[in-house]
Each structure stands twice: as structure tokens, then as C-alpha cells.
Amino acid sequence: MPPPADIVKVAIEWPGAFPKLTEIDQKKPLSAIIKEACDGWSLTNHEYYALQHADSTNFYITEKNRNEIKNGAILRLTTSPAQTALQLHERIQSSSMDAKLEALKDLASYSRDITFAQEFINLDGISLLTQMVESGTDFGDMLSFTLTAFVELMDHGIVSWDTFSVAFIKKIASYVSKFPSDIAILQRSLAILESMVLNSHDLYQKVAQEITIGQLIPHLQGADQEIQTYTIAVINALFLKAPDDRRQEMANILAQKQLRAIILQYVIRAQRAINNEMAHQLYVLQVLTFNLLEDRMMTKMDPQDQAQRDIIFELRRIAFDAESEPNNSGGNVEKRKSMYTRDYKKLGFINHVNPAMDFTQTPPGMLALDNMLYFAKHQQDAYIRIVLENSSREDKHECPFGRSSIELTKMLCDILKVGELPSETCNDFHPMFFTHDRSFEEFFCICIQLLNKTWKEMRATSEDFNKVMQVVKEQIVRALTTKPSSLDQFKSKLQNLSYAEILKIRQSERMNQEDFQSRPILELKEKIQPEILELIKQQRLNRLVEGTCFRKLNSRRRQDKFWYCRLSPNHKVLHYGDLEESPQGEVPHDSLQDKLPVADIKAVVTGKDCPHMKEKGAKQNKEVLELAFSILYDSNGQLNFIAPDKHEYCVWTDGLNALLGKDMMSELTRNDLDTLLSMEIKLRLLDLENIQIPDAPPPIPKEPSNYDFVYDCN
């Protein structure tokens, strides 16, 4: 008799009959189990049948996923994937419009299952769908479900995107302008265009010829945020895959079409919350825009290039209002060289004789000189004030404008990760960068004035240059984390982050992290740490009880497929199940179809040890790898997760480890423990304020020579 762990008690349904309660032996072949079910209803040709989960997902049970069947599950005996695919292949070619529409609805639903998708694709189903699209005879719901089925089938990554004709691409591109009011057709057409561009170099060329930025822009001006998201995704894909020599040209087109201003007005400042997917697409656009600076950032200055040298002459002219042209032949040559050397020193260049040599380091290369010229021309008063103010100080106290600008440009490129490809999971976009066409240069102008101000507040000398740069970086990063909505608001945030305020913040953080290291306080920490850890554990478990919505990922980043997982209030069972859309609040336990007893969990693995990461080859995707974790349970079962962000990843891995009686090892737990310990110790030491706590206990006095002083009760 098989062990109990291999037996699953389920109910199997068959249309028109009462469900049958039965036991499935997981050691038996699936075909034998299906044959037994068919025999129970006197059905012949059992090879034409299969088992499905009896929920709305229509997912088939296979040898690969049969371990996911749980006790109490309701299964459905139905036609096999091959038979269903054959039937649907015939039905979608029906001459009856009503029958054809119902068939396409079923196809869109069934295509989410990879087992069915493989069978339908084997029947050359993709070609049939593309022919239906190319024929141009279907509209409305018929076309919508055709495109939905196509998207679902292609999402499985079975068929290469390189196989599609120009006629098909033309049709899909035409729907973007032809059906602007049909949201379903427009959304799927945009999704197909994005996938074509991202997954095929040849298709990028064809799509770029068929779709223009002018055709995409109107979709950003509507009220549907999902359509706006897909539209920006297509623009990002075209931007990302454009050859290096065409990216600047495309950026110029986007500027001509006022893309930035439209996004600012209709997306960022619209009266609604920006969802995670929109935030990601805006982040990608922000990164791709800043990456246009990479060429200048990595270009060294050619000291022999007169046009480049003229920029330095222009900086000198604006600062000191020199009337003579740099190339004039009048006057004493030596005297003029001496004057130039003096002025270049006042401008803060390292090489006073030939400042062109200061721009031979990459990064920041010529980008630093571009920023300096922009500042000098667009904020001339501030530029002149900074240069003259520092040239009147003592040599050791002057803030060198040239050197500062070069190092600051390098720092800003590092903060904004100029030249790096966008992360697949990051949503960190900054609204203020969408408020100006030259946002990086404006950002530099604000920061160079901040640097000069901080230099004065620190009363710095040339030896303190690196210290000043560290403080300035901290000021900028702290201001950016508040996500200011405009450059003016960013400037205001910096006003509140003076050097004195940074010192206070550092002192407070140092007190939290480094102070209280005396022996009595360390002993107190050791004593109260277990109760703090218990508090953190309860918080993690409470969060698991609330549950989290997880997004399903595959070869295409964006999928509107979700599943939800939550822990039962008694901490004994994990409830989970698929969702049609992202929930607005908690999902009730009874709406989640699947269960996993906590007692069955064998281990929790993370990162590259996860089965789904090994399958997907996620070594190339560091961001997703860092958010992946899996629950392993008996009979080789697995429940695979990709957390929506790092915080949820820490909460879930901590909570699962706590359920298994293991230590919570996440970075979030370490931070929470440090914060709560520090707060608790400060509260307990309030009565000892301004009292010096000794590092060691007082010495024990010597024993007395006699004990005659002891009180005698008699």
C-alpha cells in the first residue's frame, strides 16, 4: 500500500454527472489515473481525455505539475490538450460568426496553458491566427479575441518572433491608429509591437518603418493609464533597440513631438496614482534619455581641436569679460599667455597652462565642459559670482570651479547611472527630470551652486576637497529620495539639507549604529534582543497573514497575470491561487483555491537555488534573481515566487523561515533589529541622561579583617 504522502484525496467532475470522490496515487502514471476515471463513467478511448483543475484557469494536469494537486482539490475530466486544440482549430474556421466568436473566446482562455499552447502551435495555429489578422475581415470582439489568443500563445516563448511577415506587422501597426477607441484591440496591438521590437532585430527595422512617434503620441493624451503604459513601453522598446547612430535622431524626434511635456501633463501630473508598471516604464524612459549623455561622457577632449578649445575661451570670456579675441595677434604674446594662465587658475582648472588636459579623463570627459558652458550661458550671474567670489579668497580656501565641475559631473553620472541599461524591476523614476528639456544640465546648475555653498559652510580648504564632495553627494541623494516633483522643489529640499543638518543626521545615525558600546549597554542589548526578535517575527507573520499579490513573469516582462498567497490566521496553512487582476485589498482565504500545509514545507531556497530560476536561465537577470524564492515540500513539490520588490522579498523569506523555526537573516530584519534595539535602549536610559555610564563595573572591595560590624539580632 502506498504511503499516505503519495495519496491525494480529490473529487473528479464529468459534465452531466455527480462528482466522484477518489484517491490519486501519485506514484502511478497519469495515464493510468485518467483511464480509471474514464472507466468510472464508461468512457472509451481514454487517451483522448485529460484532467484539469476545475477552476477558471483551464490548466491541464501533466506529469510535470501533478505534484501541485492538493487534498480536497476538485478536478475535471475533459478532452486532452491535443483533442481540444484540434477542435478549436476547426471551430475558429467556422462559417458561423457566432460559433467562430465563441471558439476564439475559448482559444484565448485555453492558450494561457502551455500544454494546450504547444498542441495548438503544432497544428500551425499561429499561422492560422496571423492569416486571420492579415485578411482584415474581422473587427470588434472577433479581432480582439484573435489578438488576445495570439499574445497568450507567443508569451510561452515556443515560436520565434522572426517568423512574421511584413503584411502582419503592417496590420498590427495600422490598428494602433485605426482603432483608437477600441481599448482591447489597441492594448494588444501595442503589446505585440513591443514584443516584436524587443525580441527580434529584424522586426525592429520593420516596426520602426510602420509606426511613427506621431501615431503613438495621441494615446498618451487619453485617460486610460494602461494604454498610456503600453504606449510608453513601445516608445522605450524602439528607443532601446535603435542603433547607436540613430538614438540621438530618435531623441530629437521625441523632443519635436514634445513627448516629455505630454507625459508630464497627462501622466505624471494627472489626478491619479501611478501604478508600478507605469512607474517602471517612466524609469526606463528616464534611463534611456540620460544614456544619450554617455557618448559625451566617454569622449576625451582633443587639445588640438580649436572648436573645443574655444569653449574654454568662452568660459574665460564670460567670467572676466575679456574684450580681445583669443586668436588676435596684437599685444605681447608672453604677456597674454601669462594673463590666460592667471585666469585659468581663477577658473579653478588643475592645469593652468593648458586646461584642455583636465578633460581627458573619462568619465566625465566632454560632458563636464558641456555642463560648465550651459551654466555659464544660462545662469550667467550665478556663474560669474561663483568664479569671482572664489578668486578673491585665499588660495587654500577657494572652491575651484573647474575641478569641482568635473568631479560633480562624474558624481551625477554615477548617481543617475548614466550608461547602464535599465533594470527590469526598478520603478525609481524622478518626476522632476520630466519638467525640463535640459534636465541634466539644470540638475548640474543646482548642484554646482550647492557645492559652492557647502564649501563655504564647511570652511573648507583644498585638502578638504574629497570631504566636501562626500557631503554634497549625501545632500543630493537625500534630496532625491524625497522624489521632488520639480527642480525648484529639489532646490528647496537642498536648502533644508545644509552642512549643519547633515552633521545632525550623521550624528543621529552614528548614535544608532556606533554608540552605546559600553559593556553594561551591550549586556542590556543582549538581554532585550530576544524580545525584539520575537516582535519582528510576529510582524512578519502578521504580514504573511495579510498576504501579497505576486506577478507572473516570463520572457516578456509585462504580464497582467497575478497570483495571491497568504498565511492562515492559525499559521498552519498557506492559501494561494491565481487572480484575473491585481487586487485592491486583501483577498479572502475562501477565494484562494489551493492550500499548502506549513507542516509539509521542507525548505525555503532563494536566488539561483530556486527551481524556476534554473529553468529560466535567470543568471542573465540579476534583478529578478535577487527577488526569487521557492518553497520546497514533499513529493518534489515546489511553490515559486518572484517578489514585487526587495521589501516584500525580505518579509516573505523572514516569515517563512520563522514558520520553520529558523533564523530571520534578511537585511530588513537587521535594520529593524538595530532600530528597535536603539529605541528601546534610549527609552530605558532616559533616567540616566547626562550621567556617565562606566565601561566596567566598580571593583569589588577587599574582604574586611573581621565581621564584628554585623548586626547581632540576639
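Residues numbered from 1 in each chain as written. Predicted model: local features only at pLDDT ≥ 70, side-chain atom pairs only at ≥ 80, totals over all residues. Heavy atoms only, no water.

**Re the layout of surface pockets**
Part 1 of the argument: By volume, the second largest pocket amounts to about 640 Å³.
Part 2 of the argument: In this structure, the second largest pocket is lined by 24 residues; those nearest its centre are Ala251, Ala255, Thr289, Leu292 and Asp437.
Part 3 of the argument: At 5 residues, helix α12 (residues 244-256) tops the list of elements feeding residues into the lining of the second largest pocket.
Part 4 of the argument: A class-by-class count of the residues in the lining of the second largest pocket yields 13 nonpolar, 7 polar and 4 charged. (1 Å grid on protein atoms, 1.4 Å probe; cavity = no way out; pocket = protein on both sides within 12 Å on 5 of 7 lines; lining within 4 Å. Points joined across faces, edges and corners; volume = space filled by probe spheres on them. Helix = DSSP H or I, 4+ residues; strand = E, 2+ residues; numbered from the N terminus. Nonpolar A, V, L, I, M, F, W, Y, C, P; charged D, E, K, R; others polar.)

**Digging into the pattern of salt bridges**
Part 1 of the argument: The full count for this structure, using the stated rule, is 24 salt bridges.
Part 2 of the argument: The shortest N-O distance in the salt bridge between Arg91 and Asp106 comes to 3.0 Å. Linking Arg91 in helix α2 (residues 81-91) with Asp106 in helix α3 (residues 97-110), this pair joins segments that are 15 residues apart in sequence.
Part 3 of the argument: Exposure remark for Asp106: the relative accessible area of 29% places this residue in the partly exposed category.
Part 4 of the argument: Connected through salt bridges with shared partners, the residues Arg316, Arg342 and Asp343 form a single ionic network. (Salt bridge = Lys/Arg side-chain N within 4 Å of Asp/Glu carboxyl O. Buried < 20%, exposed > 50% of the residue type's maximum accessible area, 1.4 Å probe, protein only.)

**Description of the packing of aromatic side chains**
Part 1 of the argument: A full pass over the atoms with the stated rule returns 32 aromatic pairs.
Part 2 of the argument: Here the aromatic rings of Phe550 and Phe641 are separated by 5.0 Å at their centres, their planes lie at 75°, and the arrangement is edge-to-face. With a gap of 91 residues between them, Phe550 in strand β5 (residues 548-551) and Phe641 in strand β11 (residues 637-642) connect regions that are remote in the sequence. Of the two residues examined, Phe550 and Phe641, each falls in the buried class. (Phe/Tyr/Trp six-rings, centres within 6.5 Å; stacked < 30°, edge-to-face > 60°.)

**Looking at the packing of helix α18 (residues 366-378) against helix α19 (residues 380-391)**
Part 1 of the argument: α19 packs onto α18 with a crossing angle of 110° between their chain directions and a minimal axis gap of 5 Å. When the axis of α18 is compared with that of α19, the two are roughly perpendicular. Contacts between α18 and α19 involve Phe375, Ala376, Lys377 and His378 from the first element and Gln380, Ala382, Tyr383 and Ile386 from the second.
Part 2 of the argument: In terms of residue class, the contact of α18 with α19 is built from 5 nonpolar, 2 polar and 1 charged. (Axes fitted to C-alpha atoms, helices over the stretch in contact; angles between N-to-C directions. Parallel < 35°, antiparallel > 145°, perpendicular 65-115°, else oblique. Contact = heavy atoms within 4.5 Å.)

**Notes on the nonpolar core**
Part 1 of the argument: Ranked by internal contacts, the top residues of the largest apolar core, which has 81 residues, are Leu129 and Ile263.
Part 2 of the argument: Beyond its immediate stretch of four places on either side in the chain, Leu129 contacts Ile92, Leu104, Leu107, Phe120, Thr146, Ala149, Phe150 and Leu153.
Part 3 of the argument: The next biggest cluster of nonpolar side chains, apart from the first, holds 67 residues, and it includes Ile318, Ala319, Cys399 and Ile505. (Core = buried A, V, L, I, M, F, W, Y, C linked by side-chain atoms within 4.5 Å.)

**Details of unusual backbone geometry**
Part 1 of the argument: Residue Thr362 is joined to Pro363 through a cis peptide bond whose omega torsion reads -15°.
Part 2 of the argument: Note that Pro363 resides in the loop between α17 (333-346) and α18.
Part 3 of the argument: Positive phi outside glycine occurs at Ser42, with the angle close to 60°.
Part 4 of the argument: You can see Ser42 is positioned in the loop between α1 (30-40) and β3 (49-53).
Part 5 of the argument: The exposure class of Ser42 is exposed, given its relative accessible area of 65%.
Part 6 of the argument: One non-glycine residue, Arg459, adopts positive backbone phi at about 50°.
Part 7 of the argument: In this fold, Arg459 is placed in the loop between α21 (439-458) and α22 (465-481).
Part 8 of the argument: Given the relative accessible area of 72%, Arg459 is considered exposed.

**Describing the sheet that holds β5**
Part 1 of the argument: Taken in spatial order, the 4 strands line up as β5-β6-β7-β8 in an open sheet, and their pairing is antiparallel. The sheet terminates laterally at β5 and β8 (594-597), the two strands that pair on one side only. Strand after strand, the sheet turns through a mean of 25° between neighbouring axes, direction not considered.
Part 2 of the argument: By the bridge criterion, 4 bridges tie strand β7 (residues 573-579) to β8 in an arrangement that is antiparallel. Bridging across to β8, Tyr576 finds its partner in Asp594.
Part 3 of the argument: Contacts from helix α25 (residues 519-546) reach β5 and β6 (562-567), with the element oriented near 135° to β6. (Pairing = 2+ DSSP bridges.)

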